[in-house]
Amino acid sequence: MELLEPADKRRAAQLLRYAHPEHPDINGINRMITEAHHNGRLTNLTLAVAAIAYAVSELATDAGQSGLAELALDQHHQEKK
């Protein structure tokens, strides 16, 4: 069996659609998380979201990785305030 099943990828795609920054659908996000949890696939959902993010963005590039690291560090500093 593969690490990511089609259902994991479907839930991840739907979660990303529901999590649109300009118009998030909280109920939709919760449905995907609940479904993954019910099936014992929360880690797989997380991995599927990451796989999609890397596939459709610049995250796989050096600049993307640098930007991601900068964002994480900036948010870490924000948490400390």
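Residues numbered from 1 in each chain as written. Predicted model: local features only at pLDDT ≥ 70, side-chain atom pairs only at ≥ 80, totals over all residues. Heavy atoms only, no water.

Once that is clear, we can look at the pattern of salt bridges. Scanning the model with the defined rule gives five salt bridges in all. Residue Arg11 pairs with Asp8 through a salt bridge whose shortest N-O separation is 3.1 Å. Residue Arg11 and its partner Asp8 are located together in helix H1 (residues 6-18), separated by three residues, close to a single helical turn. By relative accessible area, which is 3% here, Arg11 ends up buried. Taking the relative accessible area as the measure of exposure, Asp8 reaches 0% and is therefore buried. Here Glu35 makes a salt bridge to Arg10, at a shortest N to O gap of 2.3 Å. Pair noted here: Glu35 is in helix H2 (residues 26-38) and Arg10 is in helix H1, with a separation of 25 residues, a long-range link. Take Glu35: its relative accessible area is 25%, and that puts it in the partly exposed class. Bridged by salt links that share partners, the residues Glu5, Asp8, Arg10, Arg11, Glu35 and Arg41 form one connected network. (Salt bridge = Lys/Arg side-chain N within 4 Å of Asp/Glu carboxyl O. Helix = DSSP H or I, 4+ residues; strand = E, 2+ residues; numbered from the N terminus. Buried < 20%, exposed > 50% of the residue type's maximum accessible area, 1.4 Å probe, protein only.)

Right, let's get into the nonpolar core. Membership of the largest hydrophobic core is limited to 10 residues, which are Leu4, Ala12, Leu15, Tyr18, Ile29, Met32, Ala36, Leu45, Ala48 and Val49. Only H1, H2 and helix H3 (42-56) provide two or more residues apiece to this core. (Core = buried A, V, L, I, M, F, W, Y, C linked by side-chain atoms within 4.5 Å.)

With respect to the element layout, Thr46 can be found in helix H3. As for Thr46 and Glu22, which are separated by 24 residues in sequence, their C-alpha atoms are 21 Å apart.

Okay, a nonpolar patch on the surface next. A contiguous nonpolar patch, built from Tyr54, Leu68 and Leu71 and spanning about 260 Å² of accessible area, is present on the exposed surface. Position of Leu71 relative to the elements: it lies in helix H4 (residues 62-80). Looking at Leu71, the relative accessible area reads 47%, which means it is partly exposed. (Patch = residues over 30% accessible without salt bridge, like charges linked within 9 Å, V, L, I, M, F, W, Y side chains within 5 Å. Areas by Shrake-Rupley, 256 points an atom, 1.4 Å probe, with all protein chains shown as cover.)

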